[in-house]
Amino acid sequence: MFDSEVSRRLGRALRLEQSRSRAPSLVAGVVRDGTVAWADAVGSADGHGNGAVGVDRQYRIGSITKTFVAVGVLRLVDEGRIDLHDQLDRHLPGMPIGRTLIIDLLAQGSGIRAETGAPWWERSAGIDWPALEPQLALRPEARGVFHYSNVGYGVLGRLISEVRGRPWLDALTDEILAPLGMTRTTARPEPPHADGYAVHPHAELIMVEPEHDADAMAPAGQLWSTVDDLARWAGFLHAGNPAVLSDEARLAMRVPRTMIDVPGQPWTSAYGLGLQVFNTDGRRRYGHGGSMPGFQASLRFDEDGDAVIMLANTTAGLSGRLVPELYDLVAEHAPKDPPVWTADPGQRDLVELTGTWYWGPAPFELRTAADGWLELSPYGNGRGSRFRPAGPDVWIGLDEYYLGETLQAIRVDGRVSHWDLASFRLTRTPYDPAADLPGGVTGPWT
């Protein structure tokens, strides 16, 4: 838990946002090392000052639901039931968008229409799949670029249902929510829960927003949750749980696939596989926002595992400043201690691989990391990457240019003579003539 002074500062930021934005109630939490280090609530249950709210209250989380659906789809990939590059009609035959790729749906790059036809699905009783399917249509100009589609996640929910042979939510409850202990994450509100309100923009008045089962569109934004449950979810998304999803699939969720490109501005957000990627001055955070009539929500976590959660029962009006402000306050007043360094005897067998290697005349450093990983870094300018082990003397690139590319140790008389990296040669000395260099070595250095 944070000390009283840090908690006071965080609580004040929460209360300022609630007051300035006129939210009937607002709840927030900060997660550190998988534990809620601070949480607080402000406002009233009825929006008129009657009934205190607590951090255990359920709020609708809107599109944060998509992160759960994405994990459900990736579980099917882990099991070999589907492939990310499968066309939909391989698993959902006869659909009007059958040639659409699963990976494009996850990454909001499929070009499928953003919303259903009238009436506005978020404020209306849901339609079933036979009613939604004829509405599926592509927007050709939006294919291959970021185009947020609620309908696309309705389709992904249907995909889970068809492959699993049971409703998508039943599958996610048994396979994801239950193993993570998320007992307060449900499809419909369970007490204590917040009611959704719209706040009049020009008067101190509120109005109750409707709440329905969205049926076929439920995978786009149906779930309700609490700070504690979302803390568990943030912990999973950061650190993983092999009983729920492979680390390879979980980390793939964070890779930017489609850029949210605002003309005239540097990019600050992108979309991975069911996760939004936030880029602030080069620092990456991950998560998702959510909104439904009467509710707004946010979940973000960073590379160190610190997470910020915000839940509110207002349709609009929040400033958008609270989550980054809570991050800034924690960084200033409760910075995370660096990890304690300890030796790793498991790296003993890899130490012969380390040190300086040369791509032509350009020097690179190769270092070991945990679990048999390797890290290649240039001295100065150049391309680096992390590599995960994929077999004897073989590693696979995890970043940028070398993403998915092979790094293979070439041995001569049992020792590593040189490396083959996507056909490039890395040698112990610049242009080592003993390293089978393409083009050979034409003469001595002069």
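Check the entry above for the structure.
Here we summarise the structure given alongside this text. Quantities reported herein were computed from a predicted structural model and do not represent experimental measurements.

Focus: the overall build of the chain
Thinking step 1. Within the chain one finds 9 helices and 20 strands.
Thinking step 2. Here the C-alpha radius of gyration of the chain, 25 Å, is about what a compact globule of 446 residues would show, namely 22 Å.
Thinking step 3. Along the first, second and third principal axes, the C-alpha set of the chain runs to 85 × 60 × 45 Å.
Thinking step 4. Taking all 446 residues of the chain together, the buried fraction comes to 47%.
Thinking step 5. Side chains of the chain carry 42 positive and 57 negative charges; the gap between the two charge centres is 2 Å.

Notes on the pairing of strand β12 (residues 307-312)
Thinking step 1. The element β12 is largely enclosed, with a buried count of 6 among its 6 residues.
Thinking step 2. Because side chains alternate across β12, one face comprises the buried residues Ala307, Ile309 and Leu311, and the other comprises Val308, Met310 and Ala312, equally buried.
Thinking step 3. One ladder, built from 6 bridges, connects strand β1 (residues 25-32) with β12; its direction is antiparallel. Within the sheet, the bridge partner assigned to leucine 26 lies in β12 and is alanine 312.

A word on the packing of aromatic side chains
Thinking step 1. Throughout the structure, instances matching the rule amount to 14 aromatic pairs.
Thinking step 2. Look at phenylalanine 146 and tyrosine 148: their rings are 6.4 Å apart centre to centre, the planes differ by 55°, and that puts the pair in the tilted class.
Thinking step 3. Judged by its relative accessible area of 24%, phenylalanine 146 is partly exposed.
Thinking step 4. Relative to tyrosine 271, the ring of tyrosine 148 has its centre 6.2 Å away and its plane inclined at 80°; by these criteria the two rings are edge-to-face. You can see tyrosine 148 sitting in the loop between α4 (129-132) and α5 (150-164) and its partner tyrosine 271 sitting in strand β8 (residues 269-271), a full 123 residues away along the chain.

Side note on the nonpolar core
Thinking step 1. Counting 80 residues, the largest nonpolar core has Phe68, Leu106 and Trp233 as the members making the most contacts within it.
Thinking step 2. Core analysis: the next-biggest nonpolar cluster, separate from the first, contains 23 residues, Leu14, Trp38, Met310 and Leu322 among them.

Details of the pattern of salt bridges
Think of it this way: side chains of opposite charge can pair up when their charged atoms draw near.
Thinking step 1. In the structure shown here, the tally under the stated rule is 29 salt bridges.
Thinking step 2. One salt bridge connects aspartate 174 with arginine 166, and the closest N-O pair in it is separated by 2.7 Å.
Thinking step 3. Among the residues examined, aspartate 174 registers a relative accessible area of 46% and is labelled partly exposed.
Thinking step 4. Residue class for arginine 166 comes out partly exposed when judged on its relative accessible area of 29%.
Thinking step 5. Note that aspartate 247 is salt-bridged to arginine 250, the shortest N-O span being 3.1 Å. A residue pair is termed a helical-turn pair when its members lie 3 or 4 positions apart in one helix, as aspartate 247 and arginine 250 do in helix α8 (residues 247-252) at 3 residues.
Thinking step 6. Of the residues examined, aspartate 247 reaches a relative accessible area of 41% and is grouped as partly exposed.
Thinking step 7. Exposure remark for arginine 250: the relative accessible area of 5% places this residue in the buried category.
Thinking step 8. One salt-bridge network, held together by shared partners, links Arg75, Glu79, Arg81, Arg164, Arg166, Asp174 and Glu175.

Quick look at the side chain of arginine 60
Thinking step 1. If you trace the backbone, arginine 60 turns up in strand β3 (residues 59-60).
Thinking step 2. Buried and unpaired, arginine 60 has no salt bridge, with glutamate 211 as the nearest side chain of opposite charge at 4.5 Å.
Thinking step 3. Among the polar contacts made by the side chain of arginine 60, one reaches the main-chain carbonyl oxygen of glycine 221 at a distance of 3.3 Å.
Thinking step 4. Apart from the residues lying within four places of it in its own chain, the contact partners of arginine 60 are Glu211, His212, Gly221, Gln222, Leu223, Trp224, Met292, Phe295 and Ala297.

Some points on the sheet that holds β1
Thinking step 1. Ordered by their spatial adjacency, 8 strands build an open sheet running β2-β1-β12-β11-β10-β9-β8-β7, and the pairing between neighbours is antiparallel. Both outer strands of the open sheet, β2 (35-43) and β7 (258-259), are each paired with one neighbouring strand and no more.
Thinking step 2. Relative to strand β11 (residues 295-302), strand β10 (residues 283-292) is paired through 8 bridges, and the arrangement is antiparallel. When the bridges of β11 are listed, methionine 292 appears paired with phenylalanine 295.

Here's the deal with the packing of α5 against helix α6 (residues 168-177)
Thinking step 1. Look at α5 against α6: their axes get within 8 Å of each other, and the N-to-C directions meet at 80°. It follows from the interaxial angle that α5 and α6 lie roughly perpendicular. For the pair formed by α5 and α6, the contact residues are Gly157, Ile160, Ser161 and Arg164 on the first element and Trp168, Ala171, Leu172 and Glu175 on the second.
Thinking step 2. A breakdown of the residues in the contact of α5 with α6 according to their chemical character gives 4 nonpolar, 2 polar and 2 charged.

Re the pairing of strand β16 (residues 385-391)
Working note: regular strand, side chains alternate between the two faces of the sheet.
Thinking step 1. Here strand β15 (residues 374-378) runs beside β16; their pairing, made up of 3 bridges, is antiparallel. Note that in β16 the partner of glutamate 375 across the bridge is arginine 386.
Thinking step 2. Here β15 hands over to β16 after 6 residues, with glycine 380 in that stretch at a positive phi of 95°.
Thinking step 3. Sheet topology places β16 next to strand β17 (residues 394-397); 4 bridges connect them, and they run antiparallel.

Topic: the environment of alanine 41
Thinking step 1. Within the secondary structure, alanine 41 is located in strand β2.
Thinking step 2. Measuring from C-alpha to C-alpha, the distance between alanine 41 and isoleucine 260 comes to 32 Å, with 219 residues separating the pair along the chain.
Thinking step 3. Apart from the residues within four sequence positions on either side, alanine 41 is in contact with Leu14, Arg15, Leu26, Val27, Val53, Gly54 and Val55.

Some thoughts on helix α7 (residues 227-239)
An α-helical segment advances 3.6 residues per turn. Residues three or four places apart therefore align on the same side.
Thinking step 1. Under the 1.5 Å per step criterion, the end-to-end length of α7 is 18 Å for 13 residues, consistent within 8% with the ideal 18 Å.
Thinking step 2. Phi turns positive one or two residues past the end of α7, at glycine 240, with a value near 90°.

Some words on the side chain of threonine 427
Thinking step 1. Following the sequence through the fold, threonine 427 ends up in strand β20 (residues 424-427).
Thinking step 2. Take threonine 427: its relative accessible area is 1%, and that puts it in the buried class.
Thinking step 3. At 2.5 Å, the side chain of threonine 427 forms a polar contact with the backbone oxygen of threonine 429.
Thinking step 4. Each residue touching threonine 427, except ones within four places of it in the same chain, is listed here: Trp357, Tyr358, His418, Asp432, Ala435 and Leu437.

Conventions we followed
Residues numbered from 1 in each chain as written. Predicted model: local features only at pLDDT ≥ 70, side-chain atom pairs only at ≥ 80, totals over all residues. Heavy atoms only, no water. Helix = DSSP H or I, 4+ residues; strand = E, 2+ residues; numbered from the N terminus. Rg over C-alpha atoms; globule rule 2.2 N^0.38 Å. Buried < 20%, exposed > 50% of the residue type's maximum accessible area, 1.4 Å probe, protein only. Lys, Arg positive; Asp, Glu negative; His and termini not counted. Charge placed at Lys NZ, Arg CZ, Asp CG, Glu CD. Pairing = 2+ DSSP bridges. Phe/Tyr/Trp six-rings, centres within 6.5 Å; stacked < 30°, edge-to-face > 60°. Core = buried A, V, L, I, M, F, W, Y, C linked by side-chain atoms within 4.5 Å. Salt bridge = Lys/Arg side-chain N within 4 Å of Asp/Glu carboxyl O. Polar contact = N/O pair within 3.5 Å; in protein donor to acceptor, adjacent residues only side chain to side chain. Contact = heavy atoms within 4.5 Å. Axes fitted to C-alpha atoms, helices over the stretch in contact; angles between N-to-C directions. Parallel < 35°, antiparallel > 145°, perpendicular 65-115°, else oblique. Nonpolar A, V, L, I, M, F, W, Y, C, P; charged D, E, K, R; others polar. Expected span 1.5 Å × (residues − 1).

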